[in-house]
Amino acid sequence: MSIVRRLGLTFGLPIILLAAWWFASANSTDFFFPPLSEILTALKDEWFGPRLLADVVPSVLRLLAGYAVAVVVAVTLGVVIGTSRTVRATLEPVLEFFRAIPPPVLVPIFLLLFGIGDGMKIIVIAFGCMWPILLNTVEGVRAVDSVLSDTARTYRITGTARLRTLVLPAASPQIYAGLRQGLSVAIILMVISELFAASNGLGFAVVQAQRSFAIAETWAGMLMLGLLGFLLAMLFKLVENRQLAWYHGLRRAQRSS
Amino acid sequence: MTGSPAVMAPADGPVAGAAPGPRPRRRRGVPQSLLGLAGLAALVVLVEILPRIGVLPREYFPPSSEIGRALADLVQTSEFWTSVGDTLQGWALGLAIASVAGVVLGILIGGSRFTREFTASTIEFLRPIPSVALIPIAVLLFGTDIESKLLLVVYASFWQVLIQVLYGVQDIDPVAQDTARAYGLGRWARVRYLTWPTALPYVMTGLRLAAAVALILAVTAELVIGNPGLGKLLATAQSSGAYATTYAIVVVTGILGVLVNLAFRAVERWSLSWHPSQRGELVV
């Protein structure tokens, strides 16, 4: 595929859509739909200006902290639970129940338990995005190929070596599926946790703008959230593609055969 | 879980786990369902004890007996059932809109290579945008009317369906495709007899994921925006200091979530009963 064609395919529709938005809103006097040019100005002046350090960075740091805690806890627990059939059968209904609770309803409760500080927000994020990671890890560990598992046992590969060379790699495609779901939950919780009690943060600032009817700024904040979600998803994909290169290659080979 | 079709390989937990293959019969202990019940019971007991002995702050974390009593009181109020109805209404409507839109657009876009490649970058950009980002504009435009809830629910669940349908449509067997062409099947007939059955397992996965996401967003919208429903009931209970009731509502949302999941798994099995992935549990 020629480069021109490729560029056209990638940027064609986004450019058309942006242009349509730009021109359709150019002379808009509708209070709720300000011209795109104003929104972009607000994005540049506010969100990439003073708010970047004051609001965006704290939000992202809390997000990363909560996510990191969730990953460590969930993968560790997931390996332990997934290895034993009895533990799995005992805990599965409990875990399914916790996963089914819409994570945002935990915010009012955690507010009571942990106050309104950064700690509460990090705990909310960690607690909420832990379940998809945990359940996928359990599932991945459970489904380790039995021949590989028996072979490892025959060669007396146990403990850390077994974990590092067999269990974790074998479960990693599933674990990554969970990590991806967890990340989107984490972003949602980052925003929601700031809607209730916060003095800074992306979610807080957007709602503040909305309440004071700073419409262009509200739209700009939404764009910022969108950009953040997009960037994190890209970053995640990059890591996943590196880590799971062997798996994607394997699947391609299996498919074409 | 979007994406890799590997995730949707058959095996639903218990069935495959207990595969009665040619393995030597192991000594059977307690049946799995009993163990699960024991796990749930242990959770209830734990929640009863921990606040009482002071590990958890009693004031903000009532023991399970109090939560249970609050729940028993709650289900006798008409307000509660109206709220459940409101939540389910937003959920069902939003899910229906998102599913129809996702399936139709997915089949249209996935139908040709050009449209697929032309829209790929836009979809990749729009999909990860968290739907809670839409809250401010939903509030500005619709206030607490049901539309603001629907906007969030539809946006969040639409992508789940669309992405799965796009994967499904690409999975069509080229030989079957050529055969259908050779026999002169029209465009509509090809969609009906080739695309749809191929994509159905993916559609079902998408629907199940979307149903869970839709419930989360419906409750979230009620909680944050204040549309009538369980989320609002919870916010009211929390701010008026009725903590046991707050926990009881959380339990209810969890139960709803489990029920939705179970229902969609059942629908999935029923609508795919003809599909190889559901027919046998023979592990090769």
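Our structure is the block above this text.
In this text, all values refer to a predicted model and were calculated from it rather than measured experimentally.

Draft legend 1. Quick look at the overall build of chain B. A tally of regular secondary structure across chain B gives twelve helices and zero strands. Tracing chain B from N to C terminus, the helices and strands come up as α-α-α-α-α-α-α-α-α-α-α-α. A total of 284 residues make up chain B; the buried ones form 45% of that total. Here the contacts in chain B between residues at least 6 apart in sequence split such that 74% fall between residues at least 24 apart. Per element, the accessible surface of chain B, about 14200 Å² overall, is 66% carbon and sulfur.

Draft legend 2. Seen up close, the overall build of chain A. Secondary structure assignment for chain A yields eleven helices and zero strands. Of the regular secondary structure in chain A, the N- to C-terminal order runs α-α-α-α-α-α-α-α-α-α-α. The dimensions of chain A, computed from C-alpha atoms along their principal axes, are 75 × 60 × 30 Å. By sequence separation, contacts in chain A at least 24 residues apart represent 76% of the contacts at least 6 residues apart.

Draft legend 3. Structural view of the nonpolar core. Ranked by size, the top nonpolar core spans 136 residues in total, and within it Trp 47, Tyr 67, Met 190 and Leu 202 of chain A together with Trp 91 and Leu 230 of chain B carry the most contacts. Counting residues per element, this core draws most heavily on helix α8 (residues 159-196) of chain A, which supplies 16 residues. If near-sequence neighbours (up to four positions away) are discounted, Met 190 of chain A is found in contact with Ser 59, Val 60, Leu 63, Ile 125, Leu 202, Leu 225 and Leu 228 of chain A.

Draft legend 4. Geometry of helix α5 (residues 113-126) of chain B. Compared with the 20 Å implied by 1.5 Å per residue over 14 residues, the 20 Å span of α5 of chain B between its first and last C-alpha is a close match. Residues Phe 118, Thr 119, Ser 121, Thr 122 and Ile 123 of chain B constitute the buried set of α5 of chain B. Where α5 of chain B is buried, its residues meet α1 (3-25) of chain A together with α4 (78-110) and α7 (146-170) of chain B.

Draft legend 5. Local environment of the side chain of Thr 220 of chain B. With respect to the secondary-structure elements, Thr 220 of chain B resides in helix α9 (residues 187-224). What Thr 220 of chain B contacts, discounting residues up to four positions off in sequence, is Pro 104 and Ile 192 of chain A together with Val 132 and Ile 225 of chain B.

Draft legend 6. Spatial organisation of the interface of chain B and chain A. In this assembly, 60 residues from chain B lie in contact with 63 residues from chain A. Carbon and sulfur atoms supply 73% of the area that chain B and chain A bury against each other, a total of about 5400 Å² over both sides. For the pair chain B and chain A, the interface holds two salt bridges. Note that Glu 124 of chain B and Lys 237 of chain A form a salt bridge whose closest N and O atoms lie 3.4 Å from each other. At the surface where chain B touches chain A, the tally comes to three residue pairs in polar contact (both at pLDDT 80 or more). Mapped onto the side of chain B that touches chain A, the elements with two or more residues apiece are α1 (13-17), α2 (32-52), α5, α6 (135-142), α9, α10 (230-239) and α11 (243-271) of chain B. Top contributing element to the side of chain B that touches chain A by residue count: α11 of chain B, with eleven residues. Of the residues that constitute the side of chain B that touches chain A, the class distribution is 39 nonpolar, 16 polar and five charged.

Draft legend 7. Just the packing of α7 of chain B against α9 of chain B, in detail. All names here are of chain B. Look at α7 against α9: their axes get within 7 Å of each other, and the N-to-C directions meet at 160°. With respect to α9, the element α7 is oriented roughly antiparallel. Crossing hand, α7 versus α9: right-handed. Residue composition of the contact of α7 with α9, grouped by class: 18 nonpolar, eight polar and two charged.

Draft legend 8. Structural view of the pattern of salt bridges. Inspection of every chain in the model, using the stated rule, returns 14 salt bridges over all chains. For Lys 44 of chain A, the salt bridge is made with Asp 45 of chain A, and the minimal N-O distance between the two is 3.7 Å.

Draft legend 9. Region of interest: the packing of aromatic side chains. Residue and element names in this part refer to chain A. Within this structure, the stated rule accounts for 18 aromatic pairs over all chains. On the numbers, 5.4 Å between centres and 80° between planes, the contact of Phe 127 with Trp 131 is edge-to-face. Of this pair, Phe 127 and Trp 131 are both found in helix α6 (residues 118-142), four residues apart, which corresponds to roughly one turn of the helix. Aromatic ring contacts, followed pair by pair, group Phe 97, Phe 98, Phe 110, Phe 114, Phe 127 and Trp 131 into a single cluster.

Draft legend 10. Up close: unusual backbone geometry. Residue and element names in this part refer to chain A. Residues other than glycine seldom take positive phi values, yet Arg 156 does so here, at roughly 55°. Assignment of secondary structure puts Arg 156 in the loop between α7 (146-154) and α8. Despite not being glycine, Phe 213 has its phi angle at roughly 55°, a positive value. With respect to the element layout, Phe 213 can be found in the loop between α9 (202-211) and α10 (215-243).

What counts and what doesn't
Residues numbered from 1 in each chain as written. Chains lettered and ligands numbered in written order. Predicted model: local features only at pLDDT ≥ 70, side-chain atom pairs only at ≥ 80, totals over all residues. Heavy atoms only, no water. Helix = DSSP H or I, 4+ residues; strand = E, 2+ residues; numbered from the N terminus. Buried < 20%, exposed > 50% of the residue type's maximum accessible area, 1.4 Å probe, protein only. Contact = heavy atoms within 4.5 Å. Areas by Shrake-Rupley, 256 points an atom, 1.4 Å probe, with all protein chains shown as cover. Core = buried A, V, L, I, M, F, W, Y, C linked by side-chain atoms within 4.5 Å. Expected span 1.5 Å × (residues − 1). Buried area = accessible area lost by both parts, 1.4 Å probe. Salt bridge = Lys/Arg side-chain N within 4 Å of Asp/Glu carboxyl O. Polar contact = N/O pair within 3.5 Å; in protein donor to acceptor, adjacent residues only side chain to side chain. Nonpolar A, V, L, I, M, F, W, Y, C, P; charged D, E, K, R; others polar. Axes fitted to C-alpha atoms, helices over the stretch in contact; angles between N-to-C directions. Parallel < 35°, antiparallel > 145°, perpendicular 65-115°, else oblique. Left-handed = near helix turned anticlockwise from the far one by under 90°. Phe/Tyr/Trp six-rings, centres within 6.5 Å; stacked < 30°, edge-to-face > 60°.

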